[in-house]
Amino acid sequence: MRRGVVHSIKEPTPEAVARRLAESPRACALVEIRADDLRAGDISGLVARAGRPVVVTLRSPEDGGSFDGSTEEKRVILDAALDAGCAYVDVEWDGPLRALAFGPHAPRTILSHHGAPCDVSSLALLFDAMAETKATSLKIVPRATRPTELRAVRDLLTRARGARRELCSFALGPAGSWSRVGALSWGSWGVYGAAARGRETGEGQLDRKSVV
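Residues numbered from 1 in each chain as written. Predicted model: local features only at pLDDT ≥ 70, side-chain atom pairs only at ≥ 80, totals over all residues. Heavy atoms only, no water.

Comments concerning the environment of glutamate 166
Here's step 1: Looking at where glutamate 166 falls in the secondary structure, it is placed in strand S7 (residues 166-169).
Here's step 2: For glutamate 166, a relative accessible area of 23% puts it in the partly exposed group.
Here's step 3: Taking C-alpha positions, glutamate 166 is 9.4 Å from alanine 135, a pair spaced 31 residues apart along the chain.
Here's step 4: Those residues within four positions of glutamate 166 in sequence are excluded, and the remaining contacts are Met1, Arg3, Thr136, Ser137, Leu138 and Trp189. (Helix = DSSP H or I, 4+ residues; strand = E, 2+ residues; numbered from the N terminus. Buried < 20%, exposed > 50% of the residue type's maximum accessible area, 1.4 Å probe, protein only. Contact = heavy atoms within 4.5 Å.)

Here's what the structure looks like:
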C-alpha cells in the first residue's frame, strides 16, 4: 500500500472525472474515484486510462453517498473496476459486499467503516473485528465531536502498528479536520483530500492543496 494523500474525485459525469484525473498531482499516493453517479462502462474506461493507482468507491445515501442502485448493480461496477486494473475497491464493513474482504479479491480490497464514536474502547473492538478479515487495507473513520477525542484516532493507529495491519484512520466532522493533517505522522496509510473546495467527498475533508 502506497502511503500519503489520496485525491478523492466525485463528479456527475465520466468527462468531468477524466478532467479531474488529468489535474491530479502526481505527488498523491492514490486517486479515489467516487463512482456513485457512474456506470460500469464509465469506470472501466476511466481506470484503464488513469495511468496511476486508483481506488474505486461507491457510497449509498445511508453511507453518505449518492449511489441509488441495488447491491447487484454496485457489484457489477466494482467488478468492472477490478477487471480494468484498479488498485483497490472500497467496501463497507457493515455493508452487503464485505464478502470481498474474505475472498480472492481481498488483496485489492479496502474494508472501511465510517461514523463510529471517537472512543478508544469502541474503536479497538471495531478494529479487532475488521482485522480478522483478509482485506489488505483497513479504513476506520470515526466521528469526532471535540478535538480532545482525536487522541482515540492516534491510539487506534498505534494499535494497528502493533498488529502489523495497514490502517487508514482520521475523524469526520469539523472537530476532526485537524486529524486529516496529523494522521499520516501517526501511522495512517492515507488521508483523503478533495479535488477543490466545494468538491468534498466527506464531512470535514480538506482540499488536496491543504494536505499535500
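Quick notes on the pattern of salt bridges
Here's step 1: As enumerated under the stated definition, the model contains 11 salt bridges in all.
Here's step 2: For glutamate 166, the salt bridge identified is with arginine 3, shortest N-O distance 2.9 Å. With a gap of 163 residues between them, glutamate 166 in strand S7 and arginine 3 in the segment before strand S1 (4-9) connect regions that are remote in the sequence.
Here's step 3: Exposure remark for arginine 3: the relative accessible area of 48% places this residue in the partly exposed category.
Here's step 4: Of the charged contacts in the structure, one is a salt bridge between arginine 20 and glutamate 23, with a shortest N-O distance of 3.5 Å. Here glutamate 23 and arginine 20 lie together in helix H1 (residues 14-23), a separation of 3 residues that amounts to about one turn. (Salt bridge = Lys/Arg side-chain N within 4 Å of Asp/Glu carboxyl O.)

Some words on the packing of helix H4 (residues 120-130) against helix H5 (residues 150-163)
Here's step 1: Direction vectors running N to C along H4 and H5 enclose 30°, while the axes themselves pass 9 Å from each other. Where H4 crosses over H5, the handedness of that crossing is right-handed. Residues Val120, Leu123, Ala124, Phe127 and Asp128 of H4 form the contact with H5, whose own contacting residues are Ala152, Asp155, Leu156, Arg159, Ala160 and Ala163.
Here's step 2: Classifying every residue of the contact of H4 with H5 by side-chain character gives 8 nonpolar, no polar and 3 charged. (Axes fitted to C-alpha atoms, helices over the stretch in contact; angles between N-to-C directions. Left-handed = near helix turned anticlockwise from the far one by under 90°. Nonpolar A, V, L, I, M, F, W, Y, C, P; charged D, E, K, R; others polar.)

A few points about the environment of alanine 35
Here's step 1: Looking at where alanine 35 falls in the secondary structure, it is placed in the loop between strand S2 (30-34) and helix H2 (40-50).
Here's step 2: What makes alanine 35 buried here is its relative accessible area of 0%.
Here's step 3: Taking the C-alpha atoms as reference points, alanine 35 and glutamate 73, 38 residues apart in sequence, are found 12 Å from one another.
Here's step 4: Not counting residues within four places of it along the chain, the set of residues in contact with alanine 35 comprises Ile43, Val56, Thr57, Leu58 and Ile77.

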